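Observations on the model geometry
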Amino acid sequence: MTAVNPEINHELAHMHLPTEDLVKMAVERGEGVLAANHALSVTTGKRTGRSPKDRFIVKESTTEQEIDWGQVNQPIDEATFAKLWHKSIDYIGHREHFVDALYVGADPQLNLSVKVITETAWHNLFARQLFIRPAHTDVEHRHDWTILSVPNLHPDPAKDDVNSDGCVIINFKAQRVLIMGIAYAGEMKKAMFSVMNFLMPKHNVLPMHCSANVGKQNDVALFFGLSGTGKTTLSADPDRFLIGDDEHGWGEQGIFNFEGGCYAKCINLSQANEPVIWNAIQRGAVMENVILDPNSKIPDYSDNRLTDNTRVAYPRDYIEMRIAENKAGQPKAVIFLTCDLYGVLPPVAKLTKEQAAYHFLSGYTALVGSTEVGQAPGVKPTFSTCFGAPFFPRPPHVYADLLMRRIDASGVDVYLVNTGWTGGPYGVGHRFPIATTRTVVHAILNGAIKAASFKTLPTFNLSVPEQLAGVATELLDPQQTWQDKSAFAAKLQELADKFVKNFKRFEVSESIRNAGPDIVGK
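Describing the pairing of strand β8 (residues 145–150)
Summarising burial for β8: six of the six residues are buried, a large majority. With burial as the criterion, each face of β8 is covered, one bearing Trp145, Ile147 and Ser149 and the other bearing Thr146, Leu148 and Val150. Across five bridges, the pairing between strand β7 (residues 112–118) and β8 is parallel. Looking across to β8, one finds that Val114 is bridged to Trp145. Of the pairings in the sheet, the one linking β8 to strand β10 (residues 176–180) comprises five bridges and is parallel in character. The partner of Ser149 across the bridge, within β10, is Ile179.

In structure tokens, the structure reads:
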């Protein structure tokens, strides 16, 4: 039997099980049930999203001067990690567990091998569907990183120097990720995303929280955005080939996926609006916290009694229109997706390089549906640096500098697309229909937008098309959709003030700072 770790009890380890075996074992062990669509349906307990207050990075010699320490990147010492790691190893060594050898990163020069050791079959299945499966067994003999997931072993915050009965700890020096007391599987995926986001800048690669796809003319597009903005939905285009839905690197050779699967939101999923995702939910897929009819086992995607953050994990193999190589060349379009709940941003605007850096660092959107434990219900504005602040360990300017280098080198056009409200703020106006947003995105991707004449809107100084086929002209200038023009002006100023206040924390050039909205004293 292949050695995994000298501390692991190999006699109790299920090694490299195929998908079907993991599904069967998860059902037999009572970890989940099969839904009518044949996907494995599981629940994750009280944590139905990420737990940012329980996420730590070990502070040691290799990270002390490199990490942007604070509330997002919380430090923890080596001794505490070692104590919890050995406690977890001892725990899992006395019970059945599951081991697989996978990759993160589709670039063969930059990828990481990952040993995934899990207490449950379904967590191992999740990792198998989300990470990249090796085409050969060499990965078993290469040992870069280890993920150890023990959801039923809880740390004691009074004794273990953590904040609650669950924790996620990343140790760059030891190349280990420990997840204790947390069943939400997205923590495994996001931990390795954070690892790649720390390592890739050393290789002149911009790590990105974005989806990516390729058109039939070999035109690559990137979609940045937080959960709920449409990143997965818009990239899962039946007329384009998917690279990936969430995590990528952008280097001198082009784009490459960090993952081998997709992790899509299920809330209000419909076959009409998201046919690619709908069809990918089949045997081997893992649904988290989706309510099933007790008799028919048919999923009710509108039921949010457990969480708005219902999820499904499936491999790229389940998508017919995909790029087999999991990577592509330089992008022809970069789209920043923002969900503006103030209703004052246009459905599309073309950004200068400096504006791109400004909006990349700002990462403005609305929180639509809770993806984190402790988030209040409802919709509220947020600024998430690089459109993914919880996953970027280095200081923000590192990633902004890389973005500008990539824009300069590729000559790519960058657009801001608002998938949020129009005609008034949240509660008064309405969200842009997904059909309108798709029309806007298609105009960007097929180049039609380049033929439009543009005008500059005041305050944010955004360049917007005066006309765009398939989009009502009044929608392109948000002021025209408001009946009360003075109320529009007030909301526009309110949002501009929030942008400027948020941006004061960044150390950037004046050219980038001046690319923000015009207000007195910015």
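Points about the packing of helix α8 (residues 353–362) against helix α9 (residues 396–410)
In the contact formed by α8 and α9, the axes pass within 10 Å of each other and the chain directions differ by 150°. Of the two elements, α8 crosses α9, and the hand of that crossing is right-handed. Facing Lys353, Ala356, Ala357, Phe360 and Leu361 of α8, the residues of α9 in contact are Pro396, Tyr399, Ala400, Leu403, Met404, Ile407 and Asp408. Its residues assigned to classes, the contact of α8 with α9 comprises 10 nonpolar, no polar and two charged.

Focus: the nonpolar core
The biggest cluster of nonpolar side chains holds 110 residues, and the ones touching the most others in it are Trp145, Met192 and Phe336. Of all the elements, helix α5 (residues 186–199) adds the most residues to this core, at eight residues. In contact with Met192, not counting residues within four places along its chain, are Val104, Leu112, Val114, Phe131, Trp145, Ile147 and Val177. Met15, Phe56, Trp85 and Ile117 belong to the second largest nonpolar core, which has 21 residues in total.

A closer look at the packing of helix α3 (residues 121–130) against α5
Two numbers describe how α3 lies on α5: the axes approach to 9 Å, and their chain directions differ by 45°. Taken together, the axis directions place α3 and α5 in an arrangement best described as oblique. Between α3 and α5 lies a crossing whose hand is right-handed. Here α3 contributes His123, Phe126, Ala127 and Leu130 to the contact with α5, which in turn contributes Gly186, Met188 and Lys189.

Points about empty space enclosed by the protein
The full count for this structure, using the stated rule, is four cavities of 30 Å³ or more. Space inside the largest cavity adds up to approximately 70 Å³. If you go around the largest cavity, the residues you meet are Arg50, Ser51, Pro52, Arg55, Val168, Ile170, Glu187, Lys190, Ala191, Pro390 and Phe391. Elements represented by at least two residues in the lining of the largest cavity include exactly β9 (167–171) and α5. Considering only residue class, the lining of the largest cavity consists of six nonpolar, one polar and four charged.

Considering the pattern of salt bridges
Overall, the coordinates contain 24 salt bridges when judged by the stated rule. Two residues, Arg29 and Glu96, come together in a salt bridge whose shortest N-O distance is 3.2 Å. With Arg29 in the loop between α1 (19–28) and β2 (33–34) and Glu96 in the loop between α2 (78–92) and β6 (97–104), this residue pair connects regions lying 67 residues apart in the sequence. Note that Glu247 and Lys189 form a salt bridge whose closest N and O atoms lie 3.1 Å from each other. Of this pair, Glu247 sits in strand β14 (residues 247–251) while Lys189 is found in helix α5, placing the two residues 58 residues apart along the sequence. Taken as a pair, Glu247 and Lys189 share a single burial class, namely buried. Each member of the salt-bridge network shares a partner with another, and the members are Lys189, Lys190, Lys231, Asp246, Glu247 and Glu259.

Considerations on the environment of Ser113
Locating Ser113 in the fold gives a position in strand β7. Judged by its relative accessible area of 1%, Ser113 is buried. Through-space distance from the C-alpha of Ser113 to that of Ala356 is 33 Å; in sequence the pair is 243 residues apart.

Quick look at the packing of aromatic side chains
All chains considered together, the criterion is met by 25 aromatic pairs. Ring geometry for Phe193 versus Phe391: centroids 5.6 Å apart, planes at 40°, classification tilted. With Phe193 in helix α5 and Phe391 in the loop between β25 (379–383) and α9, this pair connects stretches of sequence that are 198 residues apart. Each member of the pair, Phe193 as well as Phe391, is classed as buried. The aromatic ring of Tyr91 is capped on one face by Arg95, whose charged end is 3.8 Å from the ring centroid. Here the guanidinium or amino end of Lys190 rests over the ring plane of Phe391, the centre of that ring lying 4.4 Å away.

Remarks on helix α10 (residues 434–445)
Relative to the 16 Å expected for 12 residues at 1.5 Å per residue, α10 spans 16 Å between its end C-alpha atoms, a close match to the ideal helical length. Elements that come into contact with the buried residues of α10 comprise β12 (220–224), α6 (231–235), β22 (331–338), β23 (348–351), β26 (413–418) and α11 (473–476). Gly447 lies just past α10 and shows a positive phi near 85°.

Details of the environment of Ala448
Turning to its location among the elements, Ala448 is positioned in the loop between α10 and β29 (454–456). Separated by 21 residues in the primary sequence, Ala448 and Ala469 place their C-alpha atoms 8.5 Å from one another.

Conventions and cut-offs
- Residues numbered from 1 in each chain as written.
- Predicted model: local features only at pLDDT ≥ 70, side-chain atom pairs only at ≥ 80, totals over all residues.
- Heavy atoms only, no water.
- Buried < 20%, exposed > 50% of the residue type's maximum accessible area, 1.4 Å probe, protein only.
- Helix = DSSP H or I, 4+ residues; strand = E, 2+ residues; numbered from the N terminus.
- Pairing = 2+ DSSP bridges.
- Axes fitted to C-alpha atoms, helices over the stretch in contact; angles between N-to-C directions.
- Left-handed = near helix turned anticlockwise from the far one by under 90°.
- Contact = heavy atoms within 4.5 Å.
- Nonpolar A, V, L, I, M, F, W, Y, C, P; charged D, E, K, R; others polar.
- Core = buried A, V, L, I, M, F, W, Y, C linked by side-chain atoms within 4.5 Å.
- Parallel < 35°, antiparallel > 145°, perpendicular 65-115°, else oblique.
- 1 Å grid on protein atoms, 1.4 Å probe; cavity = no way out; pocket = protein on both sides within 12 Å on 5 of 7 lines; lining within 4 Å.
- Points joined across faces, edges and corners; volume = space filled by probe spheres on them.
- Salt bridge = Lys/Arg side-chain N within 4 Å of Asp/Glu carboxyl O.
- Phe/Tyr/Trp six-rings, centres within 6.5 Å; stacked < 30°, edge-to-face > 60°.
- Lys NZ or Arg CZ within 6 Å of the ring centre and 35° of its normal.
- Expected span 1.5 Å × (residues − 1).

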